[in-house]
Amino acid sequence: MTASARRVTATVTLTDDDGRPLARRDVTVRQRRHAFEFGCVGTHPGETDTHVQRAWLDVFDTATLPVYWGRYEPVRGEPRRAELEQAARWHADRGVRLKGHPLVWHTVKAPWLDTLPLSEVEQLLRARIRREVTDFAGLIDVWDVVNEAVIMPRFTNEPDGVPNAITRLCAEIGRVELVRLAVEEARAAGTSPRLLINDFDLGPEYEQLVEDLLAAGVEIDAIGLQSHMHKGFHGEERLLEVCERFARFGLPLHWTETTLLSGEHVPREIEDLNDHVVDDWPSTPEGEERQAEEIVRHYTTLVGHPAVHSITYWGIEDGGWLDAPSGLLRRDGSPKPAYDALRGLVRGEWWVDERADRTDEEGRLEVEGFAGTYEVRVGTATAELELGPDQESHAALRVG
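We now turn to the structure provided with this report. The residue count restarts for each chain, going from 1 along the sequence in the order it is written. Reporting of local features is limited, given that this is a predicted model, to residues whose pLDDT is at least 70; pairs of side-chain atoms are given and counted only at 80 or more, and all residues count toward the totals for whole chains, interfaces and linings. Excluding hydrogens and water, the side-chain values take into account all heavy atoms of the structure.

**Considering the packing of aromatic side chains**
Step number 1: Stacked, tilted and edge-to-face are the three classes assigned to paired rings of Phe, Tyr and Trp, where Trp is represented by its six-membered ring and a pair needs centres within 6.5 Å; plane angles under 30 degrees give stacked, over 60 edge-to-face, the rest tilted. This structure, assessed with the given rule, holds 8 aromatic pairs.
Step number 2: Ring plane angle 20 degrees and centroid distance 6.5 Å describe the contact between Phe38 and Tyr299, whose orientation is recorded as stacked. In this pair, Phe38 is assigned in strand S3 (residues 37–41) and Tyr299 in helix H9 (residues 285–303), connecting sequence segments 261 residues apart.
Step number 3: Residue classification places Phe38 among the buried residues on the basis of a relative accessible area of 2%.
Step number 4: Overall, the relative accessible area of 1% leaves Tyr299 in the buried class.
Step number 5: Ring-pair connections join several aromatic residues into one group, and the members of that group are Phe36, Phe38, Tyr299 and Trp350.
Step number 6: We call a charge positioned over a ring when the NZ of a Lys or the CZ of an Arg lies within 6 Å of the ring centre and within 35 degrees of the ring normal. Cation over ring: Arg81 sits above Phe136, and NZ or CZ is 5.9 Å from the ring centre. By definition, any uninterrupted DSSP run of H or I lasting at least four residues is a helix, any uninterrupted run of E lasting at least two residues is a strand, and each is numbered from the N terminus. Accessibility here uses a 1.4 Å probe with only protein chains present; expressed as a share of the type maximum, an area under 20% marks a residue as buried, one over 50% as exposed, and anything in between as partly exposed.

In structure tokens form, the structure reads like this:
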């Protein structure tokens, strides 16, 4: 499969409010959003849109919003709901789909948990999951339900060497039961969120965890695959090999955290990217050209795989995650070649510009384009069309 295979065609019959065909009428069709989720870490809302926010909206249609427990509720019982809701509504008002990240993680967790007994930790975790999913139902309906469960029960990277509360809980009840706990609580309030597990470990342990979860009847909706490529681009062969291994589970694959550097790569001998700390980590002209080439290769490869439903770039600006030169915009907000290259795919090669057409004598119109949401306009009346592989070849669309 190639990216062009995501183009679909449907014959639509346009009718008025009384169901009568709109015959021989001039029509304008324009694409509004891809079905494929082109995501990025959410931009920062403000009273007016900045050029960075406009650049964000000109490429991306799906935002990952940070809901790290330790930052969201740094003081017990005082969640920062208003701040998250402001950010969520800013994006949603602009047609952006939302995902919360993450509900459970052993890092950036609430430090006040660590002195509590595990029984209380578990109850607080259950309440935290249910609260966030319930509070934001209808606004944020996709969640990384558990982040990096593979390493979680053996995680020891704490300043005092003592495993934190989430690590200890996972070690006590096991990875499968921790994910089950999180999934069940996320669905307990009667909402219908889409829930992902997410990991940087793309090896046999993660495969085994997915297999164990499905065998145990834990209902996850998609598999999250991280791709922080600070040591260099993975290459097409490796990307496809990972896709094939995880596609066997029959679940959508979301490449959740993508970064490519436009500066010096992290030395190969460094295992944890957090350990690479330098005084200055600039973007370079040579690195920017490399990043642009690699981002085209990365996205083209993954969009071309039928199991992949989403790619999220981990920060639009330099100086975000780990202070690395991984953004698509420089620190001054100017676009790098990688930004232009990605925009050229998402809103260029893989996009359908506004076009004029005309219905036939029976009000029919053939619509062809990349799977996604389209606006159909007849005079001053508009209707929304979802064009996708499951779209009937003949469908009625009421315009009124």
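**Comments concerning the environment of Tyr206**
Step number 1: With respect to the helices, strands and loops of the structure, Tyr206 is situated in helix H7 (residues 204–215).
Step number 2: Side-chain polar atoms of Tyr206 contact the backbone oxygen of Gly224, separated by 2.9 Å. As used in this structure description, the phrase polar contact means that two N or O atoms lie within 3.5 Å; if the pair is within protein, one of them must be able to donate a hydrogen and the other to accept it, and residues adjacent in sequence are counted only when both atoms belong to side chains.

**What about the packing of helix H4 (residues 118–135) against helix H6 (residues 175–188)?**
Step number 1: Here an axis means a line fitted to C-alpha atoms, over the contact stretch when the element is a helix, while the angle between two N-to-C directions is reported on a 0 to 180 degree scale. Two elements in contact, H4 and H6, have axes separated by 8 Å at closest approach and are oriented at 40 degrees. In terms of axis orientation, H4 runs oblique to H6. When the axes of H4 and H6 are compared, the crossing they make is right-handed. From H4, Glu122, Leu125, Arg126, Ile129, Arg130 and Val133 reach across to H6, where they touch Leu178, Leu181, Ala182, Glu185, Ala186 and Ala188.
Step number 2: Lys, Arg, Asp and Glu make up the charged group, whereas Ala, Val, Leu, Ile, Met, Phe, Trp, Tyr, Cys and Pro make up the nonpolar group; the residues left over, Gly among them, are polar. Taken together, the residues of the contact of H4 with H6 break down into 8 nonpolar, no polar and 4 charged. Our angle categories are set so that under 35 degrees counts as roughly parallel, over 145 as roughly antiparallel, 65 to 115 as roughly perpendicular, and the remainder as oblique. Crossings are classed by handedness, with left-handed meaning an anticlockwise turn of the near helix from the far one by less than a right angle and right-handed meaning a clockwise turn. In this analysis, two residues are considered to be in contact whenever any of their non-hydrogen atoms come within 4.5 Å of each other.

**Things to note about the pairing of strand S2 (residues 26–34)**
Step number 1: Should DSSP find at least two bridges between two strands, the strands are regarded as paired. As paired strands, S2 and strand S11 (residues 355–358) are joined by 4 bridges and run antiparallel to one another. The partner of Val29 across the bridge, within S11, is Arg355.
Step number 2: The pairing of S2 with strand S13 (residues 372–378) spans 6 bridges and is antiparallel. Residue pairing across strands places His34 opposite Gly372, the latter belonging to S13.

**Examining the nonpolar core**
Step number 1: In this description, a nonpolar core means a group of buried Ala, Val, Leu, Ile, Met, Phe, Trp, Tyr and Cys residues linked to one another through side-chain atoms lying within 4.5 Å. Counting 109 residues, the largest nonpolar core has Val104, Leu113, Trp255 and Ile316 as its most contacted members.
Step number 2: Sort the elements by how many residues they give to this core and H6 lands first, with 7 residues.
Step number 3: Each residue touching Val104, except ones within four places of it in the same chain, is listed here: Leu125, Ile129, Val145, Val146, Asn147, Met152, Ile166, Leu178 and Ala182.
Step number 4: Counting 6 residues, the second largest nonpolar core, distinct from the first, contains Leu261, Ile270, Trp281 and Ala324.

**Looking at H4**
Step number 1: The length a helix should cover is 1.5 Å for every residue beyond the first. With 18 residues, H4 should reach 26 Å at 1.5 Å per residue; the first-to-last C-alpha distance of 25 Å fits that figure.
Step number 2: Taken together, the buried positions of H4 are Val121, Glu122, Leu124, Leu125, Arg128, Ile129, Glu132 and Val133. On an axial view of H4, the arc spanned by its buried residues comes to 170 degrees, and they lie on one face.
Step number 3: For H4, the elements touching its buried residues are helix H2 (69–72), strand S6 (142–147), helix H5 (165–173) and H6. Think of it as the arc spanned by the lines of direction from the helix axis to the C-beta atoms.

**A look at the pattern of salt bridges**
Step number 1: Any carboxyl oxygen of Asp or Glu that lies within 4 Å of a side-chain nitrogen of Lys or Arg is treated as forming a salt bridge with it. A full pass over the atoms with the stated rule returns 38 salt bridges.
Step number 2: As a salt-bridge pair, Arg20 and Asp18 come within 3.2 Å of each other at their nearest N and O atoms.
Step number 3: The salt bridge involving Arg128 is made with Glu132; its shortest N-O contact spans 2.9 Å. In this pair, Arg128 and Glu132 are both assigned in helix H4, 4 residues apart and thus about one turn of the helix distant. Per residue, the accessibility class of Arg128 equals that of Glu132, and both read buried.

**Observations concerning the state of the cysteines**
Step number 1: We call a pair of cysteine sulfur atoms a disulfide whenever their separation is within 2.5 Å. Inspection of the entire model under this criterion finds 0 disulfides.
Step number 2: Free of any disulfide, Cys243 has its nearest cysteine sulfur in Cys40, 20 Å distant.
Step number 3: Here Cys243 falls in the buried class, since its relative accessible area comes to 0%.

**Some thoughts on the packing of H6 against H7**
Step number 1: Packing of H6 against H7 leaves a shortest axis separation of 10 Å and a crossing angle of 55 degrees. Considering their axes alone, H6 and H7 lie oblique with respect to each other. Of the two elements, H6 crosses H7, and the hand of that crossing is right-handed. When H6 is examined against H7, the residues Arg175, Val176 and Val179 are found in contact with a partner set consisting of Glu205, Leu209, Asp212 and Leu213.
Step number 2: Its residues placed into classes, the contact of H6 with H7 shows 4 nonpolar, no polar and 3 charged.

**With respect to unusual backbone geometry**
Step number 1: The residue after His101, namely Pro102, is reached through a cis peptide bond having omega -25 degrees.
Step number 2: Mapped onto the secondary structure, Pro102 falls in the loop between strand S5 (97–101) and H4.
Step number 3: Positive phi is not limited to glycine here, since Arg24 has a value of about 45 degrees.
Step number 4: Considering the arrangement of structural elements, one finds Arg24 in the loop between strand S1 (7–15) and S2.
Step number 5: A positive phi is found at Glu148, a non-glycine position, where the angle reads about 60 degrees.
Step number 6: Within the secondary structure, Glu148 is located in the loop between S6 and H5.
Step number 7: Here Glu148 falls in the buried class, since its relative accessible area comes to 10%.

**Describing the side chain of Glu288**
Step number 1: Looking at the secondary structure, you find Glu288 in helix H9.
Step number 2: When near neighbours in sequence (up to four residues on either side) are disregarded, Glu288 contacts Ser262, Ser283, Arg330, Lys336 and Pro337.

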